[in-house]
Amino acid sequence: MKKLIHNPFLLIGGCISGVMTALILVGYVWTPYSATAMEGSKFDSPSLVHLLGTDSYGRDIFSRVLSGAGTSFGIALCVVAIGCAAGILIGSLCGYYGGPADLILTRVCDSITAFPSILLALVIVSVVGGGAVNVVIALGILFIPSFARIVRGEFTRCRDLNYIRSARLMGVSDARIMFCHILPNTLPVLLPAITIGFNNAILSEASMSFLGLGIQPPNASLGSMLSDSQIYLKSAPWYAMSVGGTMVLLILGFSLLSEGLQRQARQN
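Residues numbered from 1 in each chain as written. Predicted model: local features only at pLDDT ≥ 70, side-chain atom pairs only at ≥ 80, totals over all residues. Heavy atoms only, no water.

(A) Molecular detail of the overall build of the chain. The secondary structure content of the chain amounts to 11 helices and 0 strands. Dimensions of the chain along its principal axes, counting C-alpha atoms only, are 75 × 50 × 30 Å. Split into buried and exposed, the 268 residues of the chain put 42% on the buried side. When contacts within the chain are restricted to residue pairs at least 6 apart in sequence, long-range pairs at least 24 apart make up 71% of them. A total accessible area of about 13,400 Å² is found for the chain, and carbon and sulfur atoms account for 69% of it. Mean positive and mean negative side-chain charge positions of the chain (16 and 12 charges, respectively) differ by 11 Å. (Helix = DSSP H or I, 4+ residues; strand = E, 2+ residues; numbered from the N terminus. Buried < 20%, exposed > 50% of the residue type's maximum accessible area, 1.4 Å probe, protein only. Contact = heavy atoms within 4.5 Å. Areas by Shrake-Rupley, 256 points an atom, 1.4 Å probe, with all protein chains shown as cover. Lys, Arg positive; Asp, Glu negative; His and termini not counted. Charge placed at Lys NZ, Arg CZ, Asp CG, Glu CD.)

Have a look at this one:
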């Protein structure tokens, strides 16, 4: 508890992220109305019947925000899982063994990161088509280099430490050294990177859906909803405020959580 008091970023970020995650999990199993059905008149203002009002098709905005946030959250989780798993594998092998393979893979990662990831993702999705699966695959591939570079740097730093040399002399296998001795020591650096990657994945998915290349209607997505709501800023401001506020809280919570984890790692 004292650590949380001395680290308000971790406390506040954890609370915001926890509340938003709980709401999203509830949205997976229950919403007041169907996210795609027309349940009321167009642009009903917020009330007890429709907590955040209705949109241009008479759909309940609160239900769509829950569904859209769940979509963005699920896609971000899958993207980070793909990028982190592949990045850990590539980075650990390159950092531990080095050699020509390390040089080649490092140059490939540098080439990918030299271009804006969202631009490459838009190109890939525009070629193969939209939809959740294609968005996850495109973003997941583009997130691999960032995780691989982090893990490679930590493995390069740790591979010649005394306790690793001692493990080799004792006959411990390379796989056990990499994943039982070195990998746990990368967590203080890797965990903040995961939370930052989660934020970037949410923003990337929302950007693609905003441009019409991500989640396709009538399925709810925060990006596509934000695109629809911009036309009605004067007549129905609650529409854009609801969607934008949800995105801000999601990103703010995990940003503060990432900062808190980084501060905690420096303190330790």
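From this point, the discussion proceeds with the structure in view.
(B) View of helix α5 (residues 117-128). In this model α5 runs 16 Å from its N-terminal to its C-terminal C-alpha over 12 residues, within 8% of the 16 Å that 1.5 Å per residue would give. Listing the buried residues of α5 in full gives Ala 121, Leu 122 and Val 125. Looking down the long axis of α5, one finds its buried residues gathered within 100° of arc, a one-sided arrangement. Packing partners of the buried residues in α5 comprise α6 (132-158) and α9 (187-210). Taken from the residues just after α5, Gly 129 is the one with a positive phi, measuring 105°. (Expected span 1.5 Å × (residues − 1). Arc of directions from axis to C-beta.)

(C) Representation of the pattern of salt bridges. Scanning the model with the defined rule gives 7 salt bridges in all. A salt bridge links Asp 55 to Arg 64; the nearest nitrogen and oxygen atoms lie 3.8 Å apart. With respect to class, Asp 55 is no different from Arg 64; both count as buried. Close ionic contact of Asp 102 with Arg 152 constitutes a salt bridge, the shortest N to O distance being 2.7 Å. In this pair, Asp 102 is assigned in helix α4 (residues 99-113) and Arg 152 in helix α6, connecting sequence segments 50 residues apart. You can call Arg 152 partly exposed: its relative accessible area is 28%. Each of the salt bridges in this network shares a partner with another, and the network as a whole consists of Asp 55, Arg 59 and Arg 64. (Salt bridge = Lys/Arg side-chain N within 4 Å of Asp/Glu carboxyl O.)

(D) Region of interest: the confidence of the model for the chain. Residues of the chain with pLDDT of at least 70 account for 97%, and the chain-wide mean is 89. Element-level pLDDT for the chain is lowest in helix α1 (residues 2-6), with a mean of 56, against a maximum mean of 94 in helix α3 (residues 61-97). (pLDDT = per-residue confidence, 0-100.)

(E) The packing of α6 against α9, seen in detail. Contact geometry of α6 with α9 gives a least axis separation of 11 Å together with a crossing angle of 160°. One element, α6, and the other, α9, form an angle in the roughly antiparallel class. Crossing of α6 against α9: the hand is right-handed. For the pair α6 and α9, the contacting residues are Val 135, Leu 139, Phe 143, Phe 147, Ile 150, Val 151 and Glu 154 in the first and Val 189, Leu 190, Ala 193, Ile 194, Gly 197, Asn 200, Ala 201, Ser 204, Glu 205 and Met 208 in the second. Here the residues of the contact of α6 with α9 are counted per class, giving 12 nonpolar, 3 polar and 2 charged. (Axes fitted to C-alpha atoms, helices over the stretch in contact; angles between N-to-C directions. Parallel < 35°, antiparallel > 145°, perpendicular 65-115°, else oblique. Left-handed = near helix turned anticlockwise from the far one by under 90°. Nonpolar A, V, L, I, M, F, W, Y, C, P; charged D, E, K, R; others polar.)

(F) Expanded view of α6. The end-to-end C-alpha separation of α6 is 38 Å, in line with the 39 Å expected for 27 residues at 1.5 Å each. Of all the bends in α6, the largest measures some 25° and sits at Ile 144, one to four residues before the proline Pro 145. (Bend = angle between axes of the 7 residues up to and from the residue.)

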